[in-house]
Amino acid sequence: MKTVLYIHGKGGNASESTHYENLFPDCKVIGLDYKTFSPWETGKEIHDAVVSLKTEFESIILIANSIGAFFCMNANLNSLIEKAYFISPVVNMEKLICDMMKWANVTEAELEQRKIIPTDFGEELSWEYLCYVREHSLNWQVPTSIIYGEKDNLTSIETMRAFAEKQGASLTVMKGGEHWFHTEEEMKFLDEWIGRQK
């Protein structure tokens, strides 16, 4: 039997996985509520969950959303996953952190000195996090399909295209779509996209 493992994005939770049950009627759909929020800790959580699922299921399909996709790419899953569906994945965390530093008027020297700087837009900038992503380039070798909103405010289309090309991943862009796929129109587009990729 196959299973579908859903990894949520920031502010999400495992219960979002129920949306995918009708799309994968022959699979057991499971959502993971991870408890940590750094690539080194969350990557280990996801890795351990996948290893555990492999003892029960012959094949695992991954659906990961936003930063959840980034955590998965830091989880050493290459030999464990059959296929991945990424929804608005964060594919260049170093660029995103540097962009957020610009938005917050924080220099690299300041961040190195203060280690953690809260921002007005609700994100915490972390020197340890920035160093980690610079020292651990992504090594993702799972067959992957990506869906991306044209108006995504976290990742540019150029960055997403470059990642998809490098990975040999298929990329579908929703005209007018945003980073968070949640409107009725966006979810319909998402569901039809998954139907076409299967």
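Quick caveat: nothing in here was measured; it's all calculated off a predicted structure.

Let us look at the environment of Phe-189. As for its position among the elements, Phe-189 is in helix H7 (residues 184–197). Each residue touching Phe-189, except ones within four places of it in the same chain, is listed here: Ile-147, Thr-172, Val-173 and Met-174.

Of all the residues in helix H3 (residues 93–103), the buried ones are Met-93, Leu-96, Ile-97, Asp-99, Met-100 and Met-101. Buried positions along H3 lie against helix H2 (67–73), helix H4 (108–114), strand S6 (124–126) and helix H5 (127–135). Count one or two residues on from H3 and you reach Asn-105, which has phi positive near 55°.

Turning to the pattern of salt bridges, a few remarks are in order. Going through the model one piece at a time under the given rule, you end up with 8 salt bridges. We note a salt bridge from Glu-82 to Lys-2, for which the minimum N-O separation is 3.2 Å. Highlighted residues: Glu-82 in the loop between H2 and strand S4 (83–87) and Lys-2 in strand S1 (residues 2–7), separated in sequence by 80 residues. Lys-175 is the partner of Glu-150 in a salt bridge, and the nearest nitrogen-oxygen pair spans 4.0 Å. In this pair, Glu-150 is assigned in the loop between strand S7 (144–149) and helix H6 (157–167) and Lys-175 in the loop between strand S8 (170–174) and H7, connecting sequence segments 25 residues apart. On the basis of relative accessible area, Glu-150 is assigned to the partly exposed category, the value being 39%. Take Lys-175: its relative accessible area is 69%, and that puts it in the exposed class. Salt bridges linked by common partners bring Glu-94, Glu-108 and Arg-134 together as one network.

This next bit is on the state of the cysteines. Counted under the stated rule, the structure contains 0 disulfides. You can see Cys-27 has no disulfide; the closest cysteine sulfur is in Cys-72, sitting 17 Å from it.

Turning to the packing of aromatic side chains, a few remarks are in order. Two numbers describe a pair of aromatic rings. These are the distance of the centres and the angle of the planes. As enumerated under the stated definition, the model contains 10 aromatic pairs in all. For the ring pair Tyr-34 and Phe-71, a centre distance of 5.6 Å and an interplane angle of 80° mean the geometry is edge-to-face. With Tyr-34 in the loop between strand S2 (27–32) and helix H1 (39–54) and Phe-71 in helix H2, the pair connects residues that are 37 residues apart, well separated along the chain. You'll find Tyr-34 and Phe-71 in the same group, each marked buried.

The subject of this paragraph is the side chain of Ser-126. Among the secondary structure elements, Ser-126 is positioned in strand S6. Polar contacts involving the side chain of Ser-126 include one to the main-chain amide nitrogen of Tyr-129, which spans 3.0 Å. Ser-126 has contacts with Leu-111, Lys-115 and Ile-116, leaving out every residue within four places of it along the chain.

Sheet architecture is open: 6 strands sit in the order S2-S1-S3-S4-S7-S8, paired in parallel fashion. The open sheet has two edge strands, S2 and S8, and neither has a second partner. Taking the axes of each pair of neighbouring strands and ignoring which way they run, one obtains an average angle of 15° across the sheet. As paired elements, strand S3 (residues 59–65) and S4 share 5 bridges and run parallel to each other. Bridge assignment links Ala-64 to a residue of S4, and that residue is Phe-86. Docked against the sheet, H6 engages S7 and S8, running at close to 175° with respect to S7. Taken strand by strand, H7 contacts S4, S7 and S8, and its axis lies near 155° from that of S8.

Cut-off values and rules
Residues numbered from 1 in each chain as written. Predicted model: local features only at pLDDT ≥ 70, side-chain atom pairs only at ≥ 80, totals over all residues. Heavy atoms only, no water. Helix = DSSP H or I, 4+ residues; strand = E, 2+ residues; numbered from the N terminus. Contact = heavy atoms within 4.5 Å. Buried < 20%, exposed > 50% of the residue type's maximum accessible area, 1.4 Å probe, protein only. Salt bridge = Lys/Arg side-chain N within 4 Å of Asp/Glu carboxyl O. Disulfide = S-S within 2.5 Å. Phe/Tyr/Trp six-rings, centres within 6.5 Å; stacked < 30°, edge-to-face > 60°. Polar contact = N/O pair within 3.5 Å; in protein donor to acceptor, adjacent residues only side chain to side chain. Pairing = 2+ DSSP bridges. Axes fitted to C-alpha atoms, helices over the stretch in contact; angles between N-to-C directions.

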